[in-house]
Amino acid sequence: MYTAHPDRYADMPYRRTGRSGLKLPALSLGLWHNFGPDRPVETQRAILRRAFDLGVTHFDLANNYGPPPGSAESALGDALKADFAPYRDELVISTKAGYLMWPGPYGEWGSRKYLLSSLDQSLARMGLDHVDIFYSHRPDPDTPLEETMGALHTAVQQGKALYVGVSNYSPEQTREAARILAELGTPLLIHQPRYSMLDRRPETSGLLDTLGELQVGSIAYSPLEQGLLTGRYLEGIPEDSRAASDSPFLDSDAVTGELVGRLRALNDVAADRGQSLAQLALAWVLREGRVTSALVGASSPRQLEDSVAAVGNLEFGADELARIDEIVKK
């Protein structure tokens, strides 16, 4: 029987999410790629246990995570039953709906029918009566935003979610979503955008400024840019890497000689700080406190430990930030 480490809250910083009462760990665990039937169950369980022992109290999912879709939620459900039942109230568990889950016109996007049906399915897979955060995973161009946000509000009213969020919404869509939710009486808690040293769109689009103005939290996904911002690509494309596979998330054509040169230069910055490249990338996303939490994936407990070590040095000097910008933007 798993027993959590008694000092699990000693080193992880926790940040308040917007103006809410909810605090998230600076690093959260995303169950996107590494939780499904193609991975050893004991490895999955070991990652979850190690995460919690290190103070990572937030497990982030979506209905389509796996592969196949739904399997990550099922894997977490098994782990919750086996290991985490005594600790449920110490965990923040989130899920999302928006991408394709079943055939026909009601199996994706943002209709009330799809979102609430999907949430019921997610809860069944995880063996839960509620999640802590339920997200609209992407905006629906054909469904009125009032309907999508109304479905999130209903999930809270039904007791199936404590908080709600959005992901992949533009600043303008986020502002309107927050307005609608406020009128309904269910505040927008958090936004989940893609954000990294190599992908600055939340800055350049004004999204981070909008979230600050609205006092809405943020949690960045892909802060390691699908593995590019780790040490794996410093010598090119490894044979067993995501870029060398048929993954739709990282094309081998993107790993150019110029990019590898930039990664090596960033690795030099990391070395000067006494960090790995991954730790530098995570610390950069978390700098200044504008981002509440950064989502990391892990294929092993050791990889997770390396990521969590980033919280030991989140401060940057102006010269370091300028050096990073010069490398990335040249």
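Anything mentioned here points back to the structure above.
Described below are features of the structure shown in this document. Each chain has its residues counted from 1, following the order in which its sequence is written. The predicted origin of the model limits local features to residues at a pLDDT of at least 70 and limits the giving and counting of side-chain atom pairs to 80 or more, whereas totals for whole chains, interfaces and linings rest on all residues. Think of the side-chain values as coming from all heavy atoms in the structure, minus any hydrogens and water.

**Quick word on the overall build of the protein**
Helical segments are the DSSP runs of H or I of at least four residues, strand segments are the runs of E of at least two, and each set is numbered from the N terminus. In terms of regular secondary structure, the protein is built from 11 helices and 10 strands. Radius of gyration: C-alpha atoms only; globule rule: 2.2 Å multiplied by the number of residues to the exponent 0.38. For a compact globule of 330 residues, the expected C-alpha radius of gyration is about 20 Å, and the protein comes in at 19 Å, within 12% of that figure. The dimensions of the protein, computed from C-alpha atoms along their principal axes, are 50 × 50 × 40 Å. Only protein chains enter the area calculation, which uses a 1.4 Å probe; residues under 20% of their type maximum are buried, those over 50% are exposed, and those in between are partly exposed. Evaluated residue by residue, the protein yields a buried proportion of 57% over its 330 residues. We call two residues contacting when some pair of their heavy atoms lies within 4.5 Å. For the protein, the share of sequence-separated contacts (at least 6 apart) that also reach a separation of at least 24 residues comes to 75%. All accessible areas in this document rest on Shrake-Rupley with a 1.4 Å probe, and a residue is counted as covered only by the protein chains that are shown. When the accessible area of the protein is evaluated, it comes to approximately 14200 Å², of which 49% is carbon and sulfur surface. Only four residue types enter the charge count, namely Lys and Arg as positive and Asp and Glu as negative; His and the chain termini do not. To locate a charge, take atom NZ for lysine, CZ for arginine, CG for aspartate or CD for glutamate. Taking the average location of the 33 positive side-chain charges in the protein and that of its 44 negative ones, the two points are 2 Å from each other.

**Digging into the pattern of salt bridges**
Salt bridge, as used here, is a side-chain nitrogen of Lys or Arg placed within 4 Å of a carboxyl oxygen of Asp or Glu. Throughout the structure, instances matching the rule amount to 22 salt bridges. We note a salt bridge from Glu42 to Arg49, for which the minimum N-O separation is 3.8 Å. For Glu42, a relative accessible area of 51% gives the class exposed. Three or more residues are tied together by salt bridges with common partners; here these are Arg194, Asp199, Arg201 and Glu225.

**Remarks on the sheet that holds strand 10 (residues 293-296)**
Reading around the barrel, the 8 strands line up as 3-4-5-6-7-8-9-10 and close back on themselves, with parallel pairing between neighbours. Within the sheet, the average angular offset between the axes of one strand and its neighbour, ignoring direction, is 30°. Two strands pair if DSSP finds at least two bridges between them. Helix axes are fitted to C-alpha atoms over the stretch in contact, other axes to C-alpha atoms as well, and angles between N-to-C directions run from 0 to 180 degrees.

**Considerations on the environment of Leu76**
By the secondary structure assignment, Leu76 is in helix 2 (residues 71-84). In this structure the C-alpha to C-alpha distance between Leu76 and Ser170, which are 94 residues apart in sequence, comes to 30 Å. Ignoring anything within four residues of it in the chain, the contact list for Leu76 reads Leu31, Leu48, Phe59, Leu61, Ile93 and Met126.

**Focus: the packing of helix 4 (residues 145-157) against helix 5 (residues 171-184)**
Between two packed helices, the angle of one axis relative to the other and the distance separating the axes together describe the packing. Packing of helix 4 against helix 5 brings their axes to within 9 Å, and their N-to-C directions diverge by 50°. One finds that helix 4 runs oblique with respect to helix 5. The crossing of helix 4 and helix 5 is right-handed. Side by side, helix 4 and helix 5 meet where Leu145, Glu146, Met149, Gly150 and His153 of the first sit next to Gln173, Glu176, Ala177, Arg179, Ile180, Leu181 and Leu184 of the second. Angular relationships are summarised with four words: roughly parallel below 35 degrees, roughly antiparallel beyond 145, roughly perpendicular across 65 to 115, and oblique for the angles in between. For any helix crossing, the convention is left-handed if the near helix is rotated counterclockwise from the far helix by under a right angle, and right-handed if that rotation is clockwise.

**Regarding the environment of Tyr135**
Within the element layout of this structure, Tyr135 appears in strand 6 (residues 131-136). Given the relative accessible area of 0%, Tyr135 is considered buried. Spatially, the C-alpha atom of Tyr135 lies 8.7 Å from that of Ile190, the residues being 55 residues apart in sequence. For Tyr135, the contacting residues outside a window of four places in its chain are Asp60, Ser94, Thr95, Lys96, Ala97, Leu152, Gly165, Val166, Ser167, Ile190, Gln192 and Ile219.

**Concerning the pairing of strand 6**
By the criterion of burial, strand 6 is predominantly enclosed, with 6 of the 6 residues buried. For strand 5 (residues 92-97) and strand 6, the ladder comprises 4 bridges, and the chain directions are parallel. Of the residues in strand 6, the one forming a bridge with Ser94 is Ile133. If the strands point away from the viewer and the path from the first strand over the helix to the second runs clockwise, then the crossover is right-handed. Taken together, strand 5, helix 3 (residues 112-126) and strand 6 form a β-α-β motif whose crossover is right-handed. The pairing of strand 6 with strand 7 (residues 161-167) spans 5 bridges and is classified as parallel. Bridge pairing links Ile133 to Tyr163 in strand 7. Taken together, strand 6, helix 4 and strand 7 constitute a β-α-β crossover, and its handedness is right-handed.

**Some words on helix 2**
Each helix should span, by expectation, one fewer than its residue count multiplied by 1.5 Å. Across its 14 residues, helix 2 extends 18 Å between first and last C-alpha, which sits within 8% of the 20 Å expected from 1.5 Å per residue. Most of helix 2 sits out of view: 10 of its 14 residues are buried. Buried residues along helix 2 sit against helix 1 (41-53), strand 4 (58-60), strand 5 and helix 3.

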